[in-house]
Amino acid sequence: MTHLTLQAVTKRFNTAYAVDHVDLSVPDGKLVCFLGPSGCGKTTLLRMIAGLETPSSGSINFAGRDITHLPANQRDFGMVFQSLALFPHMTVAQNVAYPLRLRKTDKAAQGRRVTELLELIQLPHMANRQVTQLSGGQRQRVAIARAIASSPKLLLLDEPLSALDAKLREAMQVEIRLLQQRLGITTIMVTHDQREAMTMADEIVVMEKGRIAQVGKPLDIYRDPVSEFVADFIGLGNILPVTHDGRGGVSLPGGQQIVVTQSERKADATSDVRLLIRPEDVCVKTAFAEAGPNRLSGTVTFIRDVGASLEATIDCSGFSLTVATTSRETPGLALGMPVLAELPAHACKLVAARQIH
Ligand code: ATP
């Protein structure tokens, strides 16, 4: 069942479109990430869903009701925004209880709910601590507990982890995701970090210049991006300017010919296309490998071996390829070594080139 639907939602600031005709359905109980570069309209879209910004046109429906013009405080959504900090003069328990106090929940029920929430965020012993005495991660957990205290039907998170250092951020990503799954609360999160979106989301909405570039499950978008913009934004990739004949024959920047098996729905022979191949899909053949279809000769020009993974650059005359492997999978790889790089036909994607305006 879909709880939240957006129809042609648009926001103009003067003449500039921050959000431009966005249609979207957010499935019940899922975590959806709005992902995109700075200025693409993620926060504006989230703020319209929250009721903190009014759409210039279009409509927002929640649970069968048009909420486009409903004030924020009547939507009963939980929010954790970068700017919506905890109250520093209150204890942890007082912060978490705040939305319940606003709703005039009786004292005993408030106490029970706060205890339950502090258990949930694994800070049961910190109820009476001032929030100023907490670590960044603990504060973030309290902010989330406060946002879900009144059991909102929708949780909205705007870059909730951006102030944390990398390690804590990764731990919190997993923590929030597990909490969201346990509670089954429909959640929308804004992030510009594709790794964060891949870690947490059931569905990613990739945005570009106020519009939706692609919506899908993280791995589907990673494997099958609709454009160079999406391919480039989601994960590492080799993206090469190529020409093709519309039947799977592709000419690479160095003039080498390969074949791809992808259906041509995203790129016709006359359009400007790029070839995408992810680093882990390039197979490196070392000693005595024979030349063959889709095998390109090259030289290893860079190696970074960090144990769990090995990244290498292969110069293929005319372009270079980034390869992700392991030293176990590709033993004996060395700088300056001649190799064959195989681009499996099924792993090569042709995508529409980015439009330069
Ligand atoms: P970031 O990741 O940097 O927060 P974003 O994708 O969330 O970016 P928005 O904050 O939604 O982007 O902004 C989208 C566009 O709308 C930007 O060009 C921004 O300058 C513009 N914008 C946002 N809020 C306002 C406002 N109140 N008045 C005028 N322009 C605005």
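About the cut-offs
- Residues numbered from 1 in each chain as written.
- Predicted model: local features only at pLDDT ≥ 70, side-chain atom pairs only at ≥ 80, totals over all residues.
- Heavy atoms only, no water.
- Helix = DSSP H or I, 4+ residues; strand = E, 2+ residues; numbered from the N terminus.
- Contact = heavy atoms within 4.5 Å.
- Domains from an automatic or database assignment.
- Buried < 20%, exposed > 50% of the residue type's maximum accessible area, 1.4 Å probe, protein only.
- Pairing = 2+ DSSP bridges.
- Axes fitted to C-alpha atoms, helices over the stretch in contact; angles between N-to-C directions.
- Salt bridge = Lys/Arg side-chain N within 4 Å of Asp/Glu carboxyl O.

A. A look at the environment of glutamine 7. Position of glutamine 7 relative to the elements: it lies in strand β1 (residues 2-13). The spatial distance from the C-alpha of glutamine 7 to the C-alpha of serine 162 is 29 Å, given a sequence separation of 155 residues. In contact with glutamine 7, other than residues within four places in its own chain, are Val22, Asp23, Gly58 and Ser59.

B. View of the domain arrangement of the protein chain. Annotation of the protein chain at the domain level lists domain 1 (2-223) and domain 2 (236-352). Put simply, the middle of domain 1 and the middle of domain 2, counted by C-alpha atoms, are 39 Å apart.

C. Spotlight on unusual backbone geometry. A positive phi angle, close to 55 degrees, is found at asparagine 14, a residue other than glycine. Residue position: asparagine 14 is located in the loop between β1 and β2 (16-27). Since its relative accessible area comes to 75%, asparagine 14 is described here as exposed. Although it is not a glycine, glutamate 159 sits at a positive phi angle of roughly 45 degrees. Inspection of the secondary structure assignment puts glutamate 159 in the loop between β7 (154-158) and α5 (166-183). For glutamate 159, a relative accessible area of 8% translates into the label buried.

D. Structural detail: the pairing of strand β18 (residues 320-325). Side-chain alternation along β18 places Leu321, Val323 and Thr325 on a buried face and Ser320, Thr322 and Ala324 on a face that remains uncovered. Bridging between strand β17 (residues 310-315) and β18 involves 6 bridges; their strand directions are antiparallel. Across the sheet, alanine 312 pairs through a bridge with valine 323, a residue of β18. Connecting the antiparallel pair β17 and β18 is a turn made up of 4 residues, with serine 317 showing a positive phi of about 45 degrees.

E. Quick peek at the sheet that holds strand β15 (residues 283-285). Pairing is antiparallel across the open sheet formed by 5 strands, whose spatial order is β15-β19-β16-β17-β18. With one partner strand each, in any of the chains shown, β15 and β18 form the two edges of the open sheet. Averaged over all pairs of adjacent strands, the angle between strand axes in this sheet comes to 45 degrees, irrespective of strand direction. Sheet topology places β15 next to strand β19 (residues 338-342); 3 bridges connect them, and they run antiparallel. Paired with lysine 285 across the bridge in β19 is leucine 340.

F. Spotlight on the pattern of salt bridges. Enumeration over the complete set of coordinates arrives at 17 salt bridges. A salt bridge links aspartate 20 to arginine 211; the nearest nitrogen and oxygen atoms lie 3.0 Å apart. Taken together, the residues span a long stretch of sequence, with aspartate 20 in strand β2 and arginine 211 in strand β10 (residues 211-216) at a distance of 191 residues. Overall, the relative accessible area of 49% leaves arginine 211 in the partly exposed class. The salt bridge involving glutamate 116 is made with arginine 113; its shortest N-O contact spans 2.5 Å.

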